[in-house]
Amino acid sequence: MVSLSRPASVAVSIVLLVSTATPATATPDGLKVTAVSHTSVTLAWNAWAGDVFSYELVLPDRVFRIVPGDRTSKTVDNLVPGTEYRWRIAARDQDMRLSALSDEVVVKTPQYPADSEKPGAPSNPRVAKSSANSISLVWNASTDNVGVASYDVFDGDKKVTTVPGTAAAVNGLRAYSPHEFTVVAKDFAGNRSAASDPVAARTRVGADPVGEARTVATSDDIPWGLTFLPDRSALFSERDTFRIYHVSGGRKTLAATVPDTHSLRGEDGVLGLAVSPDFVRDRWVYVFHTRENDGRIVRVKFVDGTLDFTRAETVLAGIPRAKKHLGGRLRFGPDGKLYVSTGELQRGELAQDLSTLAGKILRINPDGSVPSDNPFPGSAIYSYGHRNPQGLAFDSRGRLWVAEFGHFEVDEINLVKPGGNYGWPYCEGPCGRFVDPVRTFRTFDASPAGIAIVDDVIYLAGARGKRLHRMVIRGDATSEPEPFFRDHYGRLRTVEATPAGNIWLTSTGGDDLHEPGGDANVIVEVRLR
């Protein structure tokens, strides 16, 4: 038993378990814990004797963090209070070979103390800035005997955002509309304060770049795929019910229930949708769905509001499938080719294996054949080394941008190069050895699902981050992300550009429930200026 000097409110115990076996000389050593909080652990180790590329911090069931080879310590945050973690470390050399695991270090994060005391009410809420479709607020911090975890902001009796600090922006409001806001503090034990005094506000006349938001449809399941038809109506898929709906003139009607679909009650089911570039002539709609033994892309005719699966044509079969990390997005490019994102099924080695379609961006002709100019002759693979890409969009120069779920720390926006290797599972984020991402996010700020590009502006839907990020494309880079709708609609899964130049968002708050009929998610139109 080893004790660390900590404040009295944080009781910590660390157990070091020393292996009786003699470790190989290539095994990293000296792993130790140097600091602990309720939600984080700092680990340190001796520099590896080999030509190190990276270190992997490992829990019994998974790799938890990947650390660059020039570092010998890491603070792992976003942990669960009162939980035991059993750490080991391995080193990867420049040839991507992984060492044996080190001896084990066990640490338990302390639990927050019992707390039944409510925080004090936030004080002096006030308007910091107002525009046509947004109001920014600030207030004085609450006091609490342990600590304030977050603040909920209400517009009347409706919660509109949750933030960790004492400032918030409320977006998507109607121009020149009145509002009355209050703020409630919440501590780490879940105790809630009384509401602050109300503050009245009014939006201005005009329109913001990200403007008014309005609900255009609801869903009782997980609205995942979304695409628009030339007549400006839309189709969206429900992942777990296997249904596809048609939205036209404010009405939602059932277009089809996708047959031969099989789900493991994970991230599978009916996923991406895409409309043929020549839809007016051929009436094809493309659907990515999972069957019992594979993932499959089929195309079906859309006639009189109905998708006719009795005459479905298989475009691409044999996409590896599992319960999680399936990718699943479809997007036609300006070259008329169909681009497909696939995940690595929680098996990182598949992302580097060019003999499998898992962990890749694929490029195929509309009939499923392989284009003659693909980077790997005879193969549908366009790029590889991807973990779980779920966002595909093209800019005005015809370049493909991809949003990709990271592991536990770094999500990515990538600009795809034909034949490019994006590094998973050897690294996440920039590492210099592979194609580096254009931009990264902490996973709890984003978990990027869909992306759309309108007028060379990227709109990124965040699932875990529960917000929409806006970034202007500048050459091969982007502006700093600007967040909108934080925690207003819950988890955002898909964002799609409309024919009129606006965007639609799908919220999927019940992603992990798998209980059709109980999620009450929405599809929202956001006007863009």
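Next up on the list: the overall build of the protein. Counting secondary structure elements, the protein contains 1 helix and 40 strands. A globule of 529 residues ought to have a C-alpha radius of gyration of about 24 Å, and the protein, at 25 Å, matches this closely. The dimensions of the protein, computed from C-alpha atoms along their principal axes, are 75 × 60 × 45 Å. The buried share of the protein, taken over its 529 residues, is 57%. Within the protein, the 63 negative side-chain charges are centred at a point lying 2 Å from the centre of the 61 positive side-chain charges.

Our next topic: the nonpolar core. As a rule of thumb, soluble globular proteins bury nonpolar side chains together. Within the largest apolar cluster, 26 residues are counted, with the highest numbers of intra-cluster contacts made by Y286, I297, L330 and L338. Of all the elements in the fold, those that place two or more residues in this core are β21 (270-275), β22 (284-290), β24 (306-319), β25 (330-332), β26 (338-341), β27 (360-364) and β28 (381-384). Excluding residues that lie within four positions of it along the chain, L330 makes contacts with G272, L273, A274, Y286, V287, F288, I297, L338, Y339, V340 and L392. Membership of the second largest hydrophobic core comes to 21 residues, among which are L57, F64, V76 and V105.

To continue, consider the sheet that holds strand β32 (residues 439-442). An order of β29-β30-β31-β32 is seen for the 4 strands of this open sheet, with the pairing classed as antiparallel. Two strands close off the open sheet at either side, each with one partner strand: β29 (389-394) and β32. Neighbour-to-neighbour, the strand axes of the sheet open up by a mean angle of 15°, direction not taken into account. Where strand β31 (residues 410-415) lies against β32, 4 bridges are found, and the strand directions are antiparallel. Each bridged residue has a counterpart across the sheet, and for E412 the counterpart in β32 is T440.

Charged atoms that come close allow side chains of opposite charge to pair. In total, this model carries 29 salt bridges according to the counting rule given. Across the pair R86 and E104 runs a salt bridge, and its minimum N-O distance is 3.2 Å. In this pair, R86 is assigned in strand β7 (residues 84-93) and E104 in strand β8 (residues 104-108), connecting sequence segments 18 residues apart. Taking the relative accessible area as the measure of exposure, R86 reaches 28% and is therefore partly exposed.

With that out of the way, let us pick up the pairing of β22. β22 sits mainly inside the fold: 7 of its 7 residues count as buried. The alternating pattern of β22 places W284, Y286, F288 and T290 and V285, V287 and H289 on opposite faces, both of which are buried. For β21 and β22, the ladder comprises 4 bridges, and the chain directions are antiparallel. Looking across to β22, one finds that L273 is bridged to V287. Judged from the 7 bridges that link them, β22 and strand β23 (residues 295-303) form a sheet pairing that is antiparallel. Among the inter-strand pairings, T290 is bridged to a residue of β23, identified as G295. In this antiparallel pair of consecutive strands, β22 and β23, the connection spans 4 residues.

Pairing is antiparallel across the open sheet formed by 4 strands, whose spatial order is β12-β11-β14-β15. Lying at the two open borders of the sheet, with one neighbouring strand each, are β12 (158-163) and β15 (199-202). The sheet shows a mean angle of 35° between the axes of neighbouring strands, direction not considered. The pairing of strand β11 (residues 148-155) with strand β14 (residues 178-187) spans 7 bridges and is antiparallel. Of the residues in β14, the one forming a bridge with V153 is V183.

Looking now at the side chain of K74. The residue K74 is located in strand β6 (residues 73-76) in this model. Looking at K74, the relative accessible area reads 9%, which means it is buried. If sequence neighbours within four positions are ignored, K74 has contacts with V41, T42, L43, W45, L57, R65, V67 and E409.

The subject of this paragraph is the confidence of the model for the protein. In low-pLDDT segments, the atomic positions of the prediction should not be examined closely. For the protein, the mean per-residue pLDDT works out to 93, and 94% of the residues sit at or above 70. Here residues 1-24 is a poorly scored stretch, pLDDT under 50, and it has 39 contacts once near neighbours within four places are set aside; other chains count.

Moving on: unusual backbone geometry. Omega for the bond connecting W424 with P425 falls within 30 degrees of zero, at 10°, which places this linkage in the cis form. Tracing the chain through its elements places P425 in the loop between β31 and β32. We note that R232 has phi near 75°; this positive angle belongs to a residue other than glycine. Its place among the elements puts R232 in the loop between β17 (223-228) and β18 (234-238).

Another point: the environment of D294. Within the secondary structure layout, D294 lies in the loop between β22 and β23. Along the primary structure D294 and A322 are separated by 28 residues, whereas in three dimensions their C-alpha atoms are 8.4 Å apart. Apart from the residues lying within four places of it in its own chain, the contact partners of D294 are H289, A317, G318, I319 and R321. Looking at D294, its side chain comes within polar contact range of the main-chain nitrogen of G318, at 2.9 Å.

Once that is clear, we can look at the state of the cysteines. Taken as a whole and assessed by the stated rule, the structure comprises 1 disulfide. One disulfide in the model links C427 with C431; its S-S distance is 2.3 Å. Relative accessible area serves as the criterion here: at 28%, C431 is assigned to the partly exposed category.

Rules of the game
Residues numbered from 1 in each chain as written. Predicted model: local features only at pLDDT ≥ 70, side-chain atom pairs only at ≥ 80, totals over all residues. Heavy atoms only, no water. Helix = DSSP H or I, 4+ residues; strand = E, 2+ residues; numbered from the N terminus. Rg over C-alpha atoms; globule rule 2.2 N^0.38 Å. Buried < 20%, exposed > 50% of the residue type's maximum accessible area, 1.4 Å probe, protein only. Lys, Arg positive; Asp, Glu negative; His and termini not counted. Charge placed at Lys NZ, Arg CZ, Asp CG, Glu CD. Core = buried A, V, L, I, M, F, W, Y, C linked by side-chain atoms within 4.5 Å. Contact = heavy atoms within 4.5 Å. Pairing = 2+ DSSP bridges. Axes fitted to C-alpha atoms, helices over the stretch in contact; angles between N-to-C directions. Salt bridge = Lys/Arg side-chain N within 4 Å of Asp/Glu carboxyl O. pLDDT = per-residue confidence, 0-100. Polar contact = N/O pair within 3.5 Å; in protein donor to acceptor, adjacent residues only side chain to side chain. Disulfide = S-S within 2.5 Å.

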